[in-house]
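Secondary and tertiary structure notes
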Amino acid sequence: MPQLGLLPRRAGVALLSQFLRPSCTFSPGAVHCHSQVAEAVLTSQLKPHQEKPNFIIKTPKGTRDLSPEQMVVREKILDLVISCFKRHGAKGLDTPAFELKEMLTEKYGEDSGLIYDLKDQGGELLSLRYDLTVPFARYLAMNKMKKMKRYHIGKVWRRESPTMAQGRYREFCQCDFDIAGQFDPMIPDAECLKIVCEILSGLQLGDFLIKVNDRRIVDGVFAVCGVPESKFRAIGSSIDKLDKMSWKDVRHEMVAKKGLAPVVADQIGDYVQCHGGVSLVEQMFQDPRLSKNKQALEGLEDLKLLFEYLTLFGISEKISFDLSLARGLDYYTGVIYEAILLQTPAQAEEDPLSIGSVAAGGRYDRLVGMFDPKGQSVPCVGLSIGVERIFSIVEQRMKTLGEKVRTTETQVFVATPQKNFLHERLKLITELWDAGIKAEMLYKNNPKLLTQLHYCENMGIPLVVIIGEQELKEGVIKLRSVASRKEVAIKRENFVAEVQKHLCES
């Protein structure tokens, strides 16, 4: 007899019934009895496959759930970010969570190994999106669009080692703003930096600095120092780690792991340890080696113009020309930038959390052309806000200060002190909902008044409307302030208007 545990449930029952069928002709009871036997055998066969004694309920590595309290904080951050994007005229856009694998390959340099590939599901090789920039470029090329100012809030996935205490995850949210189109130099770039300043100032995270460089200057430095062009991106990726590693360690990586000559590495070190304001831009114009490199001069000219616009925007003091900034992604072609939070020594002692950059971006003029059949490019510049890292900072500070968060926005609670008033409560809450007022009630026929009032206090609901026998008889409703515990009687027919009035005053 075949093993029933290896068969689908219905097939197992049918097969078992064939072996039992001759005895089923004696009585209806026998059929019922044998049906129970079949069920019992199937249950015993299936049970071992259903039990998982070593099964641990957890989220995958590098991911997390967000509690209602955390969602409130997160939504406030996102609301501020989106509000700023809209203030600057951006349109919303969304793209699929996964793309054709060929759309993502050869766009991220060394980071391409961090892309999540999906199992073949019917002829298409797919990957989860690594960022929101490449899908945006694909969207522009696919729809033959030459101009667009857009924002996009969405999740991305990276197969890297997560450091969750520092806001680094394998699944995380990105908030992007990009300007696509042919415009006069540095005007859109300056606006992107203004947006970063507005958002970081609005979130009140403390003092911050935005490092700025240009990919052409980076490549110019590599060229005049003697780096082979084939190693530009690999060496750039090492330089980009200077915010996490010492120059000694970065130099060792370039020489020992990437085969760069020590003398070349030392020459790069003379440049990448320089940072300052517009005066450093002027100084680089006079550099005997860099001033002879055409690419570097183009980058310096644009940075000089950029600082002029940033001064007019009133944010130049927040910007630092930093030659160590390289931005490892392959698609950047011009200005690049990265925002970091500055900590005083006292803050660093109290809160040793090392977060890294909280916003970054740059110019990528050739990415759209990589998708276009004719290779036609659309110049683009954009920024990305590091929501997860910002959220980690805000969450940590709230814990330190002991701040509590309301998880709902309920304004009014409908209560009763007596039994058999469910119908009246349903009528009242319907009127409140229809008037656009956020209201709740307990899902019980006869809840105790004390239970209802405790619920309001625990949830931070400011107002309670109370209906009982006395109120029904007098044609009134009691309106109670949860904070002061004061009660006033209001006319039943005007109760919604009175509630709205009290909500406006509070």
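What you see is a predicted model, and the numbers here were worked out from it, not measured in a lab.

**What about the UniProt feature "binding site: L-histidine" (unreviewed entry) in the protein chain?**
Within this numbering scheme, the UniProt entry marks Asp 131, Leu 132, Thr 133, Arg 158, Gln 174, Asp 178, Arg 327, Tyr 331 and Tyr 332 as carrying the feature "binding site: L-histidine" (unreviewed entry). With a relative accessible area of 8%, Thr 133 lands in the buried category. Setting aside chain neighbours within four positions, we find Thr 133 in contact with Asp 176, Tyr 331, Tyr 364 and Leu 367. The topology assignment puts Tyr 332 in the loop between strand S8 (319-322) and strand S9 (335-341).

**Topic: the packing of helix H8 (residues 232-239) against helix H9 (residues 247-257)**
Where H8 meets H9, the axes come as close as 9 Å, and the angle between the chain directions of the two elements is 160°. When the axis of H8 is compared with that of H9, the two are roughly antiparallel. Judged by the sense of rotation from one axis to the other, the crossing of H8 with H9 is right-handed. Facing Ile 235, Ser 238 and Ile 239 of H8, the residues of H9 in contact are Trp 247, Val 250, Glu 253 and Met 254.

**Let's talk about helix H14 (residues 387-401)**
When the terminal C-alpha atoms of H14 are compared, their 21 Å separation across 15 residues agrees well with the 21 Å that a helix rising 1.5 Å per residue should span. By the burial criterion, the buried members of H14 are Val 387, Glu 388, Arg 389, Ile 390, Phe 391, Ser 392, Ile 393, Val 394, Glu 395 and Met 398. Those residues of H14 that are buried are in contact with helix H3 (68-87), strand S5 (171-180), helix H6 (187-202), S9, strand S10 (357-363) and strand S11 (380-385). Once H14 finishes, Gly 402 follows within two positions and takes phi at roughly 70°, a positive value.

**Brief notes about H9**
Listed as buried for H9 are Trp 247, Val 250, Glu 253 and Met 254. The buried residues of H9 occupy an angular sector of 125° when projected down its axis, which confines them to one face. Away from its buried face by more than 90 degrees, H9 exposes Lys 248, Ala 256 and Lys 257. Along its buried surface, H9 packs onto H8 and helix H10 (262-272). After H9 finishes, the residue Gly 259 shows a positive phi value of roughly 70°.

What counts and what doesn't
- Residues numbered from 1 in each chain as written.
- Predicted model: local features only at pLDDT ≥ 70, side-chain atom pairs only at ≥ 80, totals over all residues.
- Heavy atoms only, no water.
- UniProt positions renumbered as here; feature names shortened; annotations may be inferred.
- Buried < 20%, exposed > 50% of the residue type's maximum accessible area, 1.4 Å probe, protein only.
- Contact = heavy atoms within 4.5 Å.
- Helix = DSSP H or I, 4+ residues; strand = E, 2+ residues; numbered from the N terminus.
- Axes fitted to C-alpha atoms, helices over the stretch in contact; angles between N-to-C directions.
- Parallel < 35°, antiparallel > 145°, perpendicular 65-115°, else oblique.
- Left-handed = near helix turned anticlockwise from the far one by under 90°.
- Expected span 1.5 Å × (residues − 1).
- Arc of directions from axis to C-beta.

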